[in-house]
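These are the residues of each chain, in order.
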Amino acid sequence: IYFSMLQPRYAVGALWRAHKTSPASSVVVDNTRFWVAHGVSPAPLELSAPEHSHQCLAFLALGSGASVATSSRSSRCRRRSKGFNVEKAKVPEVVDAEVVNGDVTTDVKAGADTTTTVVVEDYAQLELDAQAGDEDAQFRFGKALFEGFEGRAADMTEAEQWLRRAAETGHRAAQSALGEMLYSGVGVTQDKEQAFKWLSKVNKPEALKWYMLAAEAGLARAQVNLAYMLRVGDGVDEDKEEALFWYGKAAAKGDRDAQYCLGEMYHEGEGTKKNMKKAAKWFEKSGEQGRPDAQHNLAQMYFWGTGIDCDRVRASEWYRKAAEQGFVESQFALGVMLDRGESIDVDKVEALKWYRKAAENGNMSAQLNLGFAYYEGAGVEQNKAVAVEWFEKAARQGDVKAMENLGEMYRFGDGVPKDGEKSDYWYKKAGFGQVLVKGKRAKS
């Protein structure tokens, strides 16, 4: 029965290449000989050429949470090529200035990079003030029109006009908000509980203009969005060096998304030379603010000693931080470390807990390992029928070792009724029954 024990691949806009594993060994369970796949060797893995890194677009008042890390496979299985995918843009939200009894308490013109909410507002007076040229009133009235108020339906066209008037006076929050609207082409339904809807047209060059104005004025969210557009060439010529510059500006202000993206770019050498120490530095800063993929990547670097001293105890700590936030790859990785006692105490029961969480979230390797735990009774009461269920979940996602386990169990009636047809089915799915034709394999 095969058991996946590899460490998860690195998730920084690139893939871990398939790595040589230690030889498999045979074991005897219930008078039947099975093959058990050992884990990968502890040598650092080599990175392949990256596909494009995941999107670090961070809309105002909404972080750009990422959850794109490649899942791990058995060390004896072929690994699928899968890297970061550009995330769909998040729904924008217009930044508010806090208003109490008509007084603006947040000085948006002074560059305050905070997002607060409107507490009270006299909309009739607000409209009069906006018409009289008060830029704060123009911004707040545009925001009110964006959402709709006091029975008045949302009006995207008029909202954009008021935001533009405020933006042209140098109002920084209005500049960034206008950039959000024009970049995303997003409107809102009359029902506030409904999600924003994508519109058909997006004016990215115009959005770029406003992002640039707000970014140069020091607004971190605009700097992150501008950096993203430059990084991927979205509505503007690609310029990774300039993207690195703007991410650096926002990262220095403490923006965790910018810090994460800087980590990616230094790790992959985008717009700069590769620098693993700087990559680890920015992943750690982002991870300290709770971004789970940054925590996972830092754990990977500690585990393999990539750019920093190898420290698998600290790796387990960072895996745990991300795992507790539901980051599936870290849940699986922590399970593996606990299962193997990788610089920490072996704990089969807790390993099973993390395997289960990852397996229930669709991680194929965790499903294979959870099935094996039930097959052996490791950390849980032995139950081969449940083992088959988890092997099937992994097999239906394409895990070859799970297919072979099913073929073996059905062949010999091991925990399931003996069934030659099912055995043949799973063995063939795993690649058995092939013949050589002119030196090449072809399915029989």
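Here the structure is a predicted model, which means the values were calculated and not measured. (Residues numbered from 1 in each chain as written. Predicted model: local features only at pLDDT ≥ 70, side-chain atom pairs only at ≥ 80, totals over all residues. Heavy atoms only, no water.)

Considerations on the overall build of the protein
- Assigned secondary structure in the protein consists of 17 helices and 8 strands.
- Counting every position in the protein, which comprises 444 residues, the buried fraction comes to 51%.
- If you take every contact in the protein between residues at least 6 apart in sequence, the share linking residues at least 24 apart comes to 59%.
- Summed over all atoms, the accessible surface of the protein reaches about 19900 Å², with 47% contributed by carbon and sulfur. (Helix = DSSP H or I, 4+ residues; strand = E, 2+ residues; numbered from the N terminus. Buried < 20%, exposed > 50% of the residue type's maximum accessible area, 1.4 Å probe, protein only. Contact = heavy atoms within 4.5 Å. Areas by Shrake-Rupley, 256 points an atom, 1.4 Å probe, with all protein chains shown as cover.)

Focus: helix 11 (residues 312–324)
- With 13 residues, helix 11 should cover 18 Å at 1.5 Å per step; its first-to-last C-alpha distance of 18 Å lies within 8% of that length.
- Of all the positions in helix 11, only R312, A315, S316, W318, Y319, A322 and A323 are classed as buried. Looking down the long axis of helix 11, one finds its buried residues gathered within 170° of arc, a one-sided arrangement.
- Of the surrounding elements, those touching the buried residues of helix 11 are helix 9 (276–288), helix 10 (292–304), helix 12 (328–340) and helix 13 (348–360).
- Sitting at the head of helix 11, D311 places a side-chain oxygen 3.3 Å from the backbone nitrogen of V313.
- Once helix 11 finishes, G326 follows within two positions and takes phi at roughly 90°, a positive value. (Expected span 1.5 Å × (residues − 1). Arc of directions from axis to C-beta. Polar contact = N/O pair within 3.5 Å; in protein donor to acceptor, adjacent residues only side chain to side chain.)

Comments concerning the pattern of salt bridges
- Scanning the model with the defined rule gives 18 salt bridges in all.
- For the salt bridge of R314 with E284, the shortest nitrogen-to-oxygen distance reads 3.7 Å. Within this pair, whereas R314 is found in helix 11, its partner E284 is found in helix 9, the two being separated by 30 residues in sequence.
- Since its relative accessible area comes to 22%, E284 is described here as partly exposed.
- In this structure, E404 and K401 form a salt bridge, with 3.1 Å as the shortest nitrogen-oxygen distance. One end of the pair is E404 and the other is K401, both in helix 16 (residues 400–412) and 3 residues apart, which spans about a single turn. (Salt bridge = Lys/Arg side-chain N within 4 Å of Asp/Glu carboxyl O.)

Regarding unusual backbone geometry
- For S343, which is not a glycine, the phi torsion comes out positive at approximately 70°.
- In this structure, S343 sits in the loop between helix 12 and helix 13.
- Its relative accessible area of 45% is what places S343 among the partly exposed residues.

Observations concerning the confidence of the model for the protein
- This prediction gives the protein a mean pLDDT of 74; 66% of its residues lie at or above 70.
- Taken together, the stretch residues 5–119 has pLDDT below 50 and engages in 343 contacts with residues farther than four places along the chain or on a different chain.
- With pLDDT under 50 throughout, residues 188–202 is counted as low confidence; its partners more than four residues away or in other chains account for 32 contacts. (pLDDT = per-residue confidence, 0-100.)

A closer look at the environment of V416
- Following the sequence through the fold, V416 ends up in the loop between helix 16 and helix 17 (420–429).
- Placed 10 residues apart in sequence, V416 and L406 show a C-alpha to C-alpha distance of 9.6 Å.
- Excluding residues within four positions of it along the chain, V416 makes contact with V388, M409 and Y410.

Quick look at helix 1 (residues 123–131)
- The backbone nitrogen of A124 has a side-chain oxygen 3.3 Å away, supplied by the residue at the start of helix 1, namely D122.
- Trailing helix 1 by a residue or two, G133 shows a phi angle of about 100°, which is positive.

Here's the deal with the environment of F245
- Structurally, the position occupied by F245 is in helix 7 (residues 240–252).
- The class of F245 is partly exposed, set by a relative accessible area of 41%.
- Distance in space between the C-alpha atoms of F245 and Q223 is 9.3 Å, their sequence separation being 22 residues.

Examining the packing of helix 12 against helix 13
- Running from N to C, helix 12 and helix 13 cross one another at 160°; their axes reach a closest spacing of 8 Å. Here helix 13 runs roughly antiparallel to helix 12, going by the angle between their axes. Two packed elements cross with a definite hand, and for helix 12 against helix 13 that hand is left-handed. Where helix 12 approaches helix 13, its residues V328, Q331, F332, L334, G335, V336, L338 and D339 are matched on the opposing element by K348, E350, A351, W354, Y355, K357 and A358.
- Here the residues of the contact of helix 12 with helix 13 sort into 9 nonpolar, 2 polar and 4 charged. (Axes fitted to C-alpha atoms, helices over the stretch in contact; angles between N-to-C directions. Parallel < 35°, antiparallel > 145°, perpendicular 65-115°, else oblique. Left-handed = near helix turned anticlockwise from the far one by under 90°. Nonpolar A, V, L, I, M, F, W, Y, C, P; charged D, E, K, R; others polar.)

A word on the environment of K204
- Within the secondary structure layout, K204 lies in helix 5 (residues 204–216).
- Separated by 25 residues in sequence, K204 and M229 place their C-alpha atoms 9.1 Å apart.

Details of the packing of helix 10 against helix 11
- Relative orientation of the contacting elements helix 10 and helix 11 amounts to 165°, with a least axis distance of 8 Å. Accordingly, the angle class assigned to the pair helix 10 and helix 11 is roughly antiparallel. Handedness of the helix 10/helix 11 crossing: left-handed. Mapping the contact onto sequence places P292, Q295, H296, L298, A299, Q300, Y302, F303 and W304 in helix 10 and R312, R314, A315, W318, Y319, K321 and A322 in helix 11.
- Counted by class, the contact of helix 10 with helix 11 contains 10 nonpolar, 3 polar and 3 charged residues.

Side note on the packing of aromatic side chains
- By the definition in use, this model includes 9 aromatic pairs.
- Consider the rings of F303 and W304, whose centres lie 5.0 Å apart with planes at 75°: the pair is edge-to-face.
- Relative accessible area serves as the criterion here: at 1%, F303 is assigned to the buried category.
- Centroid distance F332 to Y355: 6.0 Å. Interplanar angle 40°. Geometry classified as tilted. Here Y355 lies in helix 13 and F332 lies in helix 12, a separation of 23 residues in the sequence. Each member of the pair, F332 as well as Y355, carries the same accessibility label: buried.
- An aromatic cluster is defined as three or more aromatic residues linked by ring pairs; in this entry it consists of Y123, F141, F149 and W162.
- Positioned above the aromatic ring of W390 is the side chain of K393, whose terminal nitrogen or guanidinium carbon lies 5.5 Å from the ring centre. (Phe/Tyr/Trp six-rings, centres within 6.5 Å; stacked < 30°, edge-to-face > 60°. Lys NZ or Arg CZ within 6 Å of the ring centre and 35° of its normal.)

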